[in-house]
Amino acid sequence: MERELPAGTVTFLFTDVEGSTNLLNELGAERYAETLADHRRVLRETFERHGGAEVDTQGDAFFVAFATAPAAVAAVREAQEALEIPVRMGLHTGTPLVTAEGYVGTDVHRAARIAAAGSGGQVLVSSATAALTGRGGLRDLGEHRLKDLSAPERIYQLGKEEFPPLKTLYRTNLPVPATPFLGRERELAQVVELLADTRLLTLTGPGGTGKTRLALQAAAETSDRYPDGVFWVSLSPVRDARLVFEQAAQAVGARSGLVEYVADKRLLLLLDNLEHLIDAADELAGLTASCPNLQLLVTSRELLRLPGEQAYRVPPLEAHDGTRFFLARARAVDPDFEPDDAVPQLCARLEQLPLALELAAARIRLLSPAQLLERLSGRLDLLRAGRGVDPRQETLRATIEWSHELLDGDEKRLFARLGVFVGGCTLEAAQEICEADIDTLQSLVDKSLVPVREGNRFWMLETIREYALERLGASGEADEQHRRHADYYLAFAERAEVHLFDYSPEWLDRVEQEMPNLRAALDQLEATARHEELLRLAAAISRLWGTRGSMHEGRRRLEAALAADGRPTAARAKALTAAADLALGQGDDERVEELAREALPLHRANGNDWAAVESLLLLAHAAADRRDFGRARDLAEEAAHAAKPESLHASQALWQLGWAEAGLGERDRARGLYEEALQLARATGSVNTQSLALSGLSRLAINDGRPAEALPLVQESFRLDWESRDHWRLAIDATRLARTLAALGKARPAARLLAGGKALFEEIGAAPSWRAGEDDETLALLREQLSEAELAQQLERGAKLHPEELVDLALQPVELG
């Protein structure tokens, strides 16, 4: 007798027999059929006793719904005790929509995914179900990401029996999509199969066909094949092919170069939206050649045309899936939407293209499917291109044109202007650059042309942004909008500059988020030969390159800007100082001398006293790097006299003077100067100088044979580094803490910290020249305590640490005795 499906809050149960094929081979067809029939009987009788409603049965799998969570848990507990074959089960509670066809909603998919994550004989329970049962008899298995790419789910296990690890995502940065993956079963199976047999798989097709979503799901489904992780590399905001490797290295957490990090790891890289960076293809060929177990999954409108490349053209959705897709998106806009006969026709006219369906569904509150169909008449071919163009590209462009034509004059104008942004923008930027009216902007958001992301950033799909740029070009406003964009981000960077100089975490975060726009502004200023503004912008953001970004990129851009404009301006002086600072971080002391020596008289001529002090400090640092401590002391004293009392530069001059005195053997004087610098830095709130002074005091303690006194000093310095997420200082203090721990006989964590710090230096492109001596001291101590084999093992472990792991290791309590 068919049971009525429970409504409201419902607990879903999915079950299946693990290893059913092996069981069939083991038992033979006849015994297997008998066993399966007995399995079904036991489950059905148990579910009925506890009020379960059988929703669906396929082969050896059951889908059952319960009105209450306790009843569902009682049923699976009883069933597992009665079963003689390995059945895995998953429970999840939600509030699905009940239709004539059954249940609809993400909770159904979530329950199925939870069940699929388990092993035979294991019962997994979602946090929603656990909360309704009091968690009695449940074992907390922690948070897990399921292969539907949903947000992490805390999963519990019924009973205390040990099972293999859950089949969930790990070592991944795959994003959490805003909507569930619908349809595409055939395409997904094909892509998953192709990934098993090829090193480089490229999903091609015009924008809007769903390449990214299919690739993400395929990566999730195959994650079990890659013990070293599955990583998504978003390339849509990147405009320089030379940055592809850096973006990929950042995604996987590489600190010693991408090739060196990947090496022989079994790892999948998903390079998303590569078509505009096709010049990076040759480098990718070298990457796969150097890393034998690496696989690349690429989405691109253009083939890479590399040896061994397997292309997969992403087709439109199947008719049934297209209708499901449109229905889901329409109900997200209007929960009460009910489809009619016009919906399949509309989806067909839109050629089942996901982006086109999404844009159409966004209008459903204003226009019925029939009205949408009427408006589509004669519109799809408005932007038909010439011969040789993929017809799907024509269709997508026509779809975007149709969506664009639904906008009024103000909306069209703003839509085009917003195309200047790369990687999104804030409301302030949209208002300042594009003269955005809030109501007009909200209308574009409602029509899914300009979604809002976390942090209230407005952005565009890259396909739509490219179309917006075309419309901007046709409007005659392109030059003006790009000029306004560059001017805005120059002003933003110069507002941020003083805060970056103080290493403000808040401002470092803000500038880091705007780096795609800042790069675009730099490119625009360079292209239009606005050399003075280019120097100003490159100098203003140099601190970010030195702490969180790439010193290589920073130096390249600064040196190019300096080469383009040799006039002795204030802007050149700032850029010279910024370039000298980055050169210092890369151990190029000779170039530091050249740049700072040129900058010093320019700063003085322009009356920029604080910048002159900075140049003196850079010269003093470079002298100390070369162990010319007498000259370093003279320069630091000159800087101290020139700095304003009680200022940031005054504290930095004291620190630099302390380093020089320590190098000259005047340790007591050095200690006093470090302590004075620390006191002043605390008074002025300079986190960076506090870290420098504490680290300097720790080095003195080490040299005096007092490592126990050095430990809390360098750990406090490290904590301050982490507060500002200053990777440069973190790397310094990781290696310095390694030296301290080695002196205390804590060789294993010391070795890991040393390798972790060195890897972090490599990640940001830093190579300070003074470090070599300290590292040699540390390694000598480690070799006294560890065999070469164990030292190599610990160094290898340390080189793989992520910054968060490095922090945990550095700040853990150390037992002294």
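Notes on the structure follow.

Analysis parameters
For every chain, the first residue of its written sequence is number 1, and the numbers climb from 1 along that sequence. This being a predicted model, a pLDDT of at least 70 is required before a residue's local features are given, and a value of 80 or more before pairs of side-chain atoms are given or counted; all residues contribute to the totals for chains, interfaces and linings. No hydrogens and no water enter the side-chain calculation; it runs on all heavy atoms of the structure. Secondary structure elements follow DSSP: runs of H or I no shorter than four residues count as helices, runs of E no shorter than two count as strands, and numbering proceeds from the N terminus. The globule rule used for comparison is 2.2 Å times the number of residues to the exponent 0.38, while the radius of gyration itself is calculated over C-alpha atoms. Only protein chains enter the area calculation, which uses a 1.4 Å probe; residues under 20% of their type maximum are buried, those over 50% are exposed, and those in between are partly exposed. We call two residues in contact when some of their heavy atoms are within 4.5 Å. The method behind every accessible area is Shrake-Rupley, applied with a 1.4 Å probe, and residues are considered shielded solely by the protein chains displayed. To estimate how far a helix should reach, multiply one less than its number of residues by 1.5 Å. Here, the term nonpolar core denotes a set of buried Ala, Val, Leu, Ile, Met, Phe, Trp, Tyr and Cys residues that are joined through side-chain atoms within 4.5 Å. For this quantity, the arc is that covered by the directions from the helix axis to the C-beta atoms. Here a pair means two rings of Phe, Tyr or Trp (six-membered ring of Trp) with centres within 6.5 Å. Their orientation is stacked below 30 degrees between planes, edge-to-face above 60, and tilted elsewhere. Any Lys NZ or Arg CZ that is within 6 Å of a ring centre and within 35 degrees of that ring's normal is treated as a charge sitting over the ring.

The number of helices and strands found in the protein chain is 37 helices and 16 strands. A compact globule built from 817 residues would reach a C-alpha radius of gyration of about 28 Å, and the protein chain, at 31 Å, matches this within 12%. Once the C-alpha set of the protein chain is aligned to its principal axes, its extents read approximately 95 × 75 × 50 Å. Counting over 817 residues, the protein chain shows a buried share of 54%. A separation threshold of at least 6 residues defines the contact pool for the protein chain, and within that pool the share at least 24 residues apart is 72%. Carbon together with sulfur atoms contributes 48% to the accessible area of the protein chain, which is approximately 34,500 Å² in total.

The end-to-end C-alpha distance of helix 18 (residues 462-475) is 20 Å, a good match for the 20 Å that 14 residues give at a rise of 1.5 Å each. Taken residue by residue, helix 18 has Glu462, Thr463, Ile464, Arg465, Tyr467, Ala468 and Leu472 as its buried positions. A positive backbone phi angle near 85° is found at Gly476, which sits one or two residues after helix 18.

This part takes up the nonpolar core. In this structure, Leu418 and Tyr489 are the most contacted members of the largest nonpolar core, which totals 140 residues. Leaving out residues up to four positions away in the same chain, Tyr489 has contacts with Phe421, Cys425, Ala429, Ile433, Glu514, Asn517, Leu518, Ala521 and Leu537.

A few words on helix 20 (residues 505-513). Looking at helix 20, one finds that the buried residues are Trp507, Leu508 and Val511. In an axial view of helix 20, the angular spread of the buried residues amounts to 105°, which keeps them on one side of the axis. At its buried positions, helix 20 is contacted by helix 19 (478-501), helix 21 (515-527) and helix 23 (542-547).

Moving on to unusual backbone geometry. Of note, the phi angle at Ala529 is positive, near 55°, even though the residue is not glycine. Considering the arrangement of structural elements, one finds Ala529 in the loop between helix 21 and helix 22 (531-540). Of note, Arg627 is a non-glycine position whose phi angle comes to about 65°, a positive value. Tracing the backbone shows Arg627 in the loop between helix 27 (609-625) and helix 28 (629-642).

The next subject is the side chain of Arg729. Residue position: Arg729 is located in helix 33 (residues 727-743). If we ignore the near neighbours within four places in the chain, the residues touching Arg729 are Asn688, Ser691, Leu692, Ser695, Ser717 and Asp721.

Per the stated rule, a full pass over the model turns up 15 aromatic pairs. For the ring pair Phe421 and Tyr489, a centre distance of 6.5 Å and an interplane angle of 80° mean the geometry is edge-to-face. A residue pair is termed long-range when its members are at least 10 positions apart, and Phe421 in the loop between helix 15 (409-417) and helix 16 (427-434) and Tyr489 in helix 19 qualify at 68 residues. Accessibility classification places Phe421 together with Tyr489 in one group, the buried group. An angle of 35° between the planes, with centres 5.8 Å apart, marks the rings of Trp655 and Trp659 as tilted. With a gap of four residues between them, Trp655 and Trp659 both fall in helix 29 (residues 648-663), about one helical turn apart. Taken individually, Trp655 and Trp659 each receive the classification buried, so the pair is uniform in this respect. Three or more aromatic residues link up through ring pairs in this structure, and these residues are Phe421, Tyr488, Tyr489, Phe492 and Trp507. Sitting over the face of the ring of Trp722, Arg725 holds its NZ or CZ atom 3.9 Å from the ring centroid.

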